[in-house]
Amino acid sequence: MANVQLIGIKKHFGGVKAVDGIDLEIKDGEFLALLGPSGSGKTTLMRLVAGLEEPTGGRIVIDGADVNDLAPRERGIAMVFQSYALYPHKTVFGNISFPLSVEKMPKAEMQKKAEWAAGLLGIGHLLDRMPSQISGGERQRVAIARALVRKPKVLLMDEPLSNLDAKVRHTAREELKLFQREINVTTIYVTHDQAEAMGLGDRIAVMHDGTIRQIGTPEAIYHDPANTFVAGFVGIPPMNFLEREGVVIGFRPEALLPAEAVPAEESMRLRFIVERVEDLGSHRLVYGTIGGTKVIANLFFRTPIAEGEERDFAVSNRDLRRFDLRTGERVRP
Amino acid sequence: MSTRRLFERETFLAPLLLSPVAVYMVLMVGFPFAMAFVYSFSNVTVGNPDFHMTGFGNFTAVLGDPVFRKSLLNTFIFTFISIGLVLILSNMLSELLTRQFRAKWLIRFLIMMPWTAPIALGTIGYLWFLDSVFSPLDWLLRTWGLLGKPHALLGPMSNMYWLGQPGLAMASVILVHVWRLLPLATMIRIAGMNSIPREIIEAAQVDGAGYYRRLFHIVLPLLLPVISVTVLFSTLFTFTDMTVVWVLTKGGPPDHSTQVLASFAFLKGIQGGDLAQGAAISLFFFPVLAGVAAVVLRIAKKAVVT
C-alpha cells in the first residue's frame, strides 16, 4: 500500500498531447476514478503510472520513491486490462500464479497464495480450467486475482467492467467496491462510464484533452462542478445551461420543477415549453425549451405534464450554478 | 438440358473446377511417385532397355553403400542445423522488424531479397563469395589480419578454402540455405506475432516477466502453431533440397563431405544412369517426411489458438 504522486506529467505522441501537464496525488488506500470521454488521455495516464509508456516530462512517485526509470515490474504495481489479457495457454491457476513464478517462489507457497487470491474472488473451483472454458465475469475475476496475488502497492484498472453485459456489470461493480475496501489497496480506475466512477470512486478526476478539469468526491463533481465541461459531461442527462445577464447559469434536470413545487422566494421562475415527454418508469424526462434554449427536466413519474403544454417552472436558488460565459469556469459569488 | 443449366448444377460444376488440380496431381505427382516406386524394385538403367523386377535388391545395395549412409547422416545434420538456425534467427529478425526505427524499410528490403532472386542464381553469387582464390571474405579476413600471416588467428595460408575443407564446406552449405529460408520464416513469425494481443504481452510485463520469460512462457507457446508450420515447411524444403549443395559443392569435397540424399539420388540415378538405385534412394524421403508432417500437424492441432 502506498500513495502515488504525479508531478507535471506530460506525454506527447508527436504533435498530439495525450497527457498535458498533470499534477495529482492519490492517497494511501484511496480509490481514484479517472473519468473522461474517449481520447481524453485517461488510459495513457494510467499506462504512464504502470510504466508501459515513458513520460515526455514530469515525475511519478510511488510510496516516496521516484519510479520514472523503473520497469513496470519494479514499480510494485498490478494492472487489470480491459480485455483481461489472460494467458490463453495457461490454466486459471497458471494465470494467477504467473506473477509469483516470476519471483521464483517455492511451489507450496505459490499454491497457498494463488488459492488465497482465488478464494477472495470466489473462483477457487475454477483453478484447473482454461480461460476459454469460463464466462466473461469469471475471466474478469481471474484477471483481478492475478493482479492481487502479489499484493501490489498500487492496483491499476483499465475499464475492467466494460466487457461484461449490463446485469453482470452491476453486481461486479458492487463486489469490486466491497472487495477494494476489504483489502484497502490504493487503486486507480479508468472509466468512461460515470455511473461506475460515481459508484466506485472515493474521488473522481475528470479528464479532458489531456488535463484534469476537476478532482473531488462524487458529490462535489456532481453538485459543484468546476466548469461547464464537467457539468456537461457528468450527469445523465447533463446539466442544463441558460445564458442570463452575461453569465452561464447551470442547473440539473432534477432541479427544474413545476413552479408550485418550489417556494416562490429564493428561486428563479422560468417559462417552460414542453415538446416531448419520455416515460422511463421511475421518472419521466421532459424535453422542451426555455426562451429558445433546449433544456431537460427530470420529474417524478406521477407529475402530470403533457406534450405541447406551456407552464411555469422554477429552480431553487441553491441549485443554480454560475459559469463564466467565455472560459466556462465556475463563477463563485 | 441447356449448357447454362448444366453449369449451375453442383454435381457437374464441382468436378469440372477440381479436375485441373486432380489431373495435375495425377500426372506430376502421382505418376512419378508410382514410377519411382516401381523403378526401385527393378533393374532399370538409362541406357539398357532390359526391364525386370529384382525385389529388394536395390534397397540392400543402397543400405550397404557407405556413401548412402554418409548422405543420410549429412541430410539430417544439414536439416537440423539449418532449421535450428532459421528458428533462432527468424525470432531475432522478427523482434527487430516489429520495432520502429529509421531505415526499417531498407533492412526489410535486404532481408526479403533472397526470396525474390532465383535460388540457383543467389547461390552462384555465393560461389564467388566462397571462391578458393578470389573470395572477398578471405580478402576481408586478410585485411583485418586474421588470415595469411604466420601467427594469424585463422592460420598462415592466404585463403580459407571455404568449399574445399569438409567442415567449412558443410557450414557454407548450411549458411547459404539458412539465408534462403530466413525470409519466409521471418514473415510467418511476424504474422504470428501480430496475432498475439498486445495487452497479453503488457500483462506479462506488468506481472514482472523479463524478456526471456515473456518469450519462453508467453510468446513462444502462443506462437507454437505458427512455428510448427514454419518447421514443417523448412524441413520439407531442406530435406529434399539439392540446389544449394549442387551449385556450391556437388557433394564434395571428397569424400562426399556435403553429399545429401537428394544430390546423391541425382548423382546415382541421373548422372550415373542407375535409375533403379536413384529411385530407391529417393524413396527414403517418404517415411521421414510423412513422419514430420504427422508430428507437426498434431502439435498444431493441440495448441491453443486465441
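Everything below is about the structure shown above.
Residues numbered from 1 in each chain as written. Chains lettered and ligands numbered in written order. Predicted model: local features only at pLDDT ≥ 70, side-chain atom pairs only at ≥ 80, totals over all residues. Heavy atoms only, no water.

## Structural notes on the overall build of chain B
Logical step 1: The helix and strand tally for chain B stands at 14 helices and zero strands.
Logical step 2: Starting at the N terminus and ending at the C terminus, chain B contains elements arranged as α-α-α-α-α-α-α-α-α-α-α-α-α-α.
Logical step 3: Against the 2.2 N^0.38 benchmark of 19 Å for 306 residues, chain B shows a C-alpha radius of gyration of 24 Å, more extended than a compact globule.
Logical step 4: Once the C-alpha set of chain B is aligned to its principal axes, its extents read approximately 65 × 65 × 35 Å.
Logical step 5: Taken across its 306 residues, chain B has 38% of its residues classed as buried.
Logical step 6: Across chain B, contacts joining residues at least 24 apart in sequence account for 63% of those joining residues at least 6 apart.
Logical step 7: Carbon and sulfur atoms make up 73% of the accessible area of chain B, which amounts to about 17100 Å² in all. (Helix = DSSP H or I, 4+ residues; strand = E, 2+ residues; numbered from the N terminus. Rg over C-alpha atoms; globule rule 2.2 N^0.38 Å. Buried < 20%, exposed > 50% of the residue type's maximum accessible area, 1.4 Å probe, protein only. Contact = heavy atoms within 4.5 Å. Areas by Shrake-Rupley, 256 points an atom, 1.4 Å probe, with all protein chains shown as cover.)

## Remarks on the environment of B:Gly251
Residues and elements named next belong to chain B.
Logical step 1: As for its position among the elements, Gly-251 is in the loop between helix H11 (243-248) and helix H12 (261-271).
Logical step 2: For the pair Gly-251 and Ala-169, spaced 82 residues apart in sequence, the C-alpha separation works out to 9.4 Å.
Logical step 3: If sequence neighbours within four positions are ignored, Gly-251 has contacts with Val-245, His-256, Ser-257, Thr-258 and Gln-259.

## Details of the interface of chain B and chain A
Logical step 1: Taken together, the contact pairs 19 residues of chain B with 25 residues of chain A.
Logical step 2: Summed over both sides, the interface of chain B with chain A buries roughly 1900 Å², with 62% coming from carbon and sulfur.
Logical step 3: Of all residues in chain B, B:Glu199, B:Val206 and B:Asp207 bury the most surface against chain A, accounting for 35% of the area lost on that side.
Logical step 4: Summed over the shared surface of chain B and chain A, the number is two salt bridges.
Logical step 5: Measuring nitrogen to oxygen at the nearest pair gives 3.5 Å for the salt bridge that ties B:Asp207 to A:Arg146.
Logical step 6: The tally of links from chain B across to chain A stands at six residue pairs in polar contact (both at pLDDT 80 or more).
Logical step 7: Of all the secondary structure elements, the ones that give two or more residues to the side of chain B that touches chain A are helix H9 (198-206) and helix H10 (211-239) of chain B. (Buried area = accessible area lost by both parts, 1.4 Å probe. Salt bridge = Lys/Arg side-chain N within 4 Å of Asp/Glu carboxyl O. Polar contact = N/O pair within 3.5 Å; in protein donor to acceptor, adjacent residues only side chain to side chain.)

## Focus: the packing of aromatic side chains
Residues and elements named next belong to chain B.
Logical step 1: Within this structure, the stated rule accounts for 23 aromatic pairs over all chains.
Logical step 2: An angle of 50° between the planes, with centres 5.3 Å apart, marks the rings of Phe-41 and Phe-59 as tilted. Of this pair, Phe-41 sits in the loop between helix H2 (10-40) and helix H3 (57-64) while Phe-59 sits in helix H3, and the two are 18 residues apart along the sequence.
Logical step 3: With a relative accessible area of 17%, Phe-41 lands in the buried category.
Logical step 4: On the accessibility criterion, Phe-59 (15% relative accessible area) is buried.
Logical step 5: Between Tyr-211 and Tyr-212 the ring centres are 5.1 Å apart and the planes differ by 85°, which places this aromatic pair in the edge-to-face class.
Logical step 6: The exposure class assigned to Tyr-211 is partly exposed, which follows from its relative accessible area of 30%. (Phe/Tyr/Trp six-rings, centres within 6.5 Å; stacked < 30°, edge-to-face > 60°.)

## Here we look at the nonpolar core
Logical step 1: In terms of nonpolar packing, the biggest core is built from 46 residues, with A:Leu6, A:Leu34, A:Leu45, A:Ile62, A:Met79 and A:Leu156 touching the most fellow members.
Logical step 2: Broken down by element, the residue count for this core peaks at six residues, all from H10(B).
Logical step 3: Those residues within four positions of A:Ile62 in sequence are excluded, and the remaining contacts are A:Ala2, A:Asn3, A:Val4, A:Val67, A:Arg75, A:Ile77, A:Lys153 and A:Val154. (Core = buried A, V, L, I, M, F, W, Y, C linked by side-chain atoms within 4.5 Å.)

## Quick look at the sheet that holds strand S2 (residues 16-26) of chain A
The strands making up a sheet are joined through hydrogen bonds of the backbone, oriented either antiparallel or parallel.
All names here are of chain A.
Logical step 1: The antiparallel open sheet is built from four strands, whose spatial order is S2-S1-S4-S5. Each edge of the sheet is formed by a strand with only one pairing partner; in this case those strands are S2 and strand S5 (65-66).
Logical step 2: As judged from the five bridges shared by strand S1 (residues 4-13) and strand S4 (residues 57-62), these two strands associate in the antiparallel manner. Bridge pairing links Val-4 to Ile-62 in S4.
Logical step 3: Contacts between helix H1 (residues 42-50) and the sheet are confined to S1, S2 and S4, with S1 contributing the most and set at about 115° to the helix. (Pairing = 2+ DSSP bridges. Axes fitted to C-alpha atoms, helices over the stretch in contact; angles between N-to-C directions.)

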